[in-house]
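Geometric and topological summary
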Amino acid sequence: MKRLFMISVLALLAACGGNEKDNNQTNILEDLYVSVDTLVVDSGDEIFVPDMLFAQAQSEDGEKLFSFYEPDFEFFEMSLQEMKLIERHAFEREGPESIKGWVDNFQMLKGDEIFLHDEVSPNLFSLEGQKTRKYELDWKEIIGFKTEGPFSLPNDFHISPDKSKFLFIPMNFGEPAEGLAIIDIEKKSGQIKKLPALDLTFGFQVIFQQENSASFFGDNLSLQLVNDRFIIHSGSTANVYVYDYKLDSLSLITFDHQLVENNKSGEFDQKADSRERQMEIVGQIRKQITFEKFYWDPLRKIYFRFGTKNFVMPSKDVKRSADCYLFAYDEDFNLLGEKLLEQFRNIPYSGYFYEGAFYTYSPQGDDAGFIKYVFNF
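Cut-offs used in this document
Residues numbered from 1 in each chain as written. Predicted model: local features only at pLDDT ≥ 70, side-chain atom pairs only at ≥ 80, totals over all residues. Heavy atoms only, no water. Salt bridge = Lys/Arg side-chain N within 4 Å of Asp/Glu carboxyl O. Helix = DSSP H or I, 4+ residues; strand = E, 2+ residues; numbered from the N terminus. Buried < 20%, exposed > 50% of the residue type's maximum accessible area, 1.4 Å probe, protein only. Patch = residues over 30% accessible without salt bridge, like charges linked within 9 Å, V, L, I, M, F, W, Y side chains within 5 Å. Areas by Shrake-Rupley, 256 points an atom, 1.4 Å probe, with all protein chains shown as cover. Lys, Arg positive; Asp, Glu negative; His and termini not counted. Charge placed at Lys NZ, Arg CZ, Asp CG, Glu CD. Phe/Tyr/Trp six-rings, centres within 6.5 Å; stacked < 30°, edge-to-face > 60°. Lys NZ or Arg CZ within 6 Å of the ring centre and 35° of its normal. Contact = heavy atoms within 4.5 Å. Pairing = 2+ DSSP bridges. Axes fitted to C-alpha atoms, helices over the stretch in contact; angles between N-to-C directions.

Let us now look at the pattern of salt bridges. Taken as a whole and judged by the stated rule, the model has 16 salt bridges. Note that E77 is salt-bridged to K64, the shortest N-O span being 3.2 Å. Residue E77 is located in strand β5 (residues 74–79), and its partner K64 is located in strand β4 (residues 64–69); the two are separated by 13 residues in the primary sequence. Just as E77 is buried, K64 falls in that class too. In this structure, E261 engages K309 in a salt bridge whose closest nitrogen and oxygen atoms are separated by 3.2 Å. Separated by 48 residues along the polypeptide, E261 in the loop between β20 (249–253) and β21 (271–272) and K309 in strand β23 (residues 302–312) bring together distant segments of the chain. A residue is classified by how much of its surface remains accessible, and K309, at 16% relative accessible area, is buried. Each of the salt bridges in this network shares a partner with another, and the network as a whole consists of E46, D72, E74 and R88.

Structure, rendered in structure tokens:
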């Protein structure tokens, strides 16, 4: 199935990266149109539940996609070029070579080596399921982070591509994030770098807690490794921090979007006495702009980012929907263009650029599949 549609033209005046720009700067997305293809992965005779392939990472060369399949404790290897399942790599559930806990994210390094934090410790694995390195580091002690019970979280635990540093966002449940934690692996030393430009994020979080259970909804700080740099971003603001692990430098990047606000505003209850009230507050928050993660297109050498406004929470009789936006930035994070995607009601949750097209995983019935977006401008 293939669809092609035009996105209507919106004019804008743009300033970017905190630097003054010519008011006549061209919006590269002004005449944007998006072609959309639905693709099915050739899985041969393999039997699995495609909806369970939700933890994913692109290979270092961009050619393949790896997904963790929790039911069978396997990593699936798929070719983006051939749109084909290449192999299923079995891992152990128990024993010294096993993954000890839930895999919510992982990284693919050079040589198809896998890095993941399995709720117990950070580890390196080969595709054959062998644990090539186990890191015996007490990260809480190294950075002086005091945890408060089972809800303390090392969010978005990453390793730098040169394997010299761990990076993550430490936080205690229901409290503001501490900042960006950086650990020098060999020196066994670390620090937390504060992120004051993202402090507003805590004001757009809502918690409902009942006895020993709790739920969190709203904006949060996220850490990404994109184009060999770490980006720390929040749904509450356009502004981001960029960390260069080679230079050990942290930089604040600010934006001046014209099509949407640059920050959320207002005050909201941060604790709810019921799940219904929690969802009501979140619905109010999500009427404002929410900025999503960054994606790097190596062909065009452009960062892309989605955003939403007027988000409608799904319910029994209401479908999820939102006003959807696309933003484009150059390699130095200068704003190049922004666009309301009038034909979109939802944006991809995650995705990967390959040969100039954006792929987002989307099961097609009983088959693994992708939706392929091509941004033409």
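So much for the structure itself; the text now carries on.
Together, E60, D61, E63 and E355 make up a region of like negative charge exposed at the surface. Note that E355 resides in the loop between β26 (352–354) and β27 (357–361). Here E355 falls in the exposed class, since its relative accessible area comes to 60%.

The full count for this structure, using the stated rule, is 41 aromatic pairs. Taken together, the aromatic side chains of Y295, F304, F306, F344, F353, F358, Y373, F375 and F377 make up a single cluster linked through ring pairs. A cation sits over an aromatic face here: K140 above W139, 4.8 Å from the ring centre.

Its place among the elements puts W139 in helix α1 (residues 139–143). Sequence-wise, W139 and A181 are 42 residues apart; in three dimensions their C-alpha atoms are separated by 9.1 Å. Setting aside anything within four residues of it in sequence, one finds W139 in contact with H117, F145, P154, F157, F168 and I183.

Since the α-helix packs 3.6 residues into each turn, any two residues three or four apart lie on the same face. Turning to helix α2 (residues 275–285), its buried residues number three or more, namely Q278, I281, V282, G283 and I285. Each element contacted by the buried residues of α2 is listed here: β15 (205–210), β16 (213–218), β21 and β23.

Once that is clear, we can look at the sheet that holds strand β22 (residues 290–297). Spatially, the four strands line up as an open sheet ordered β22-β23-β24-β25, and their pairing is antiparallel. Two strands lie at the open edges of the sheet, namely β22 and β25 (335–340), each paired on one side alone. Here the average twist between neighbouring strands, direction ignored, is 20°. Sheet topology note: the β23/strand β24 (residues 321–329) ladder contains eight bridges and is antiparallel. The partner of Y303 across the bridge, within β24, is Y329.

For the rest of this paragraph, the subject is unusual backbone geometry. We note that F73 has phi near 50°; this positive angle belongs to a residue other than glycine. The topology assignment puts F73 in the loop between β4 and β5. In the Ramachandran plot, K188 falls in the positive-phi region, its phi being about 55° despite a non-glycine side chain. When you line up the elements, K188 lands in the loop between β13 (180–184) and β14 (189–193).

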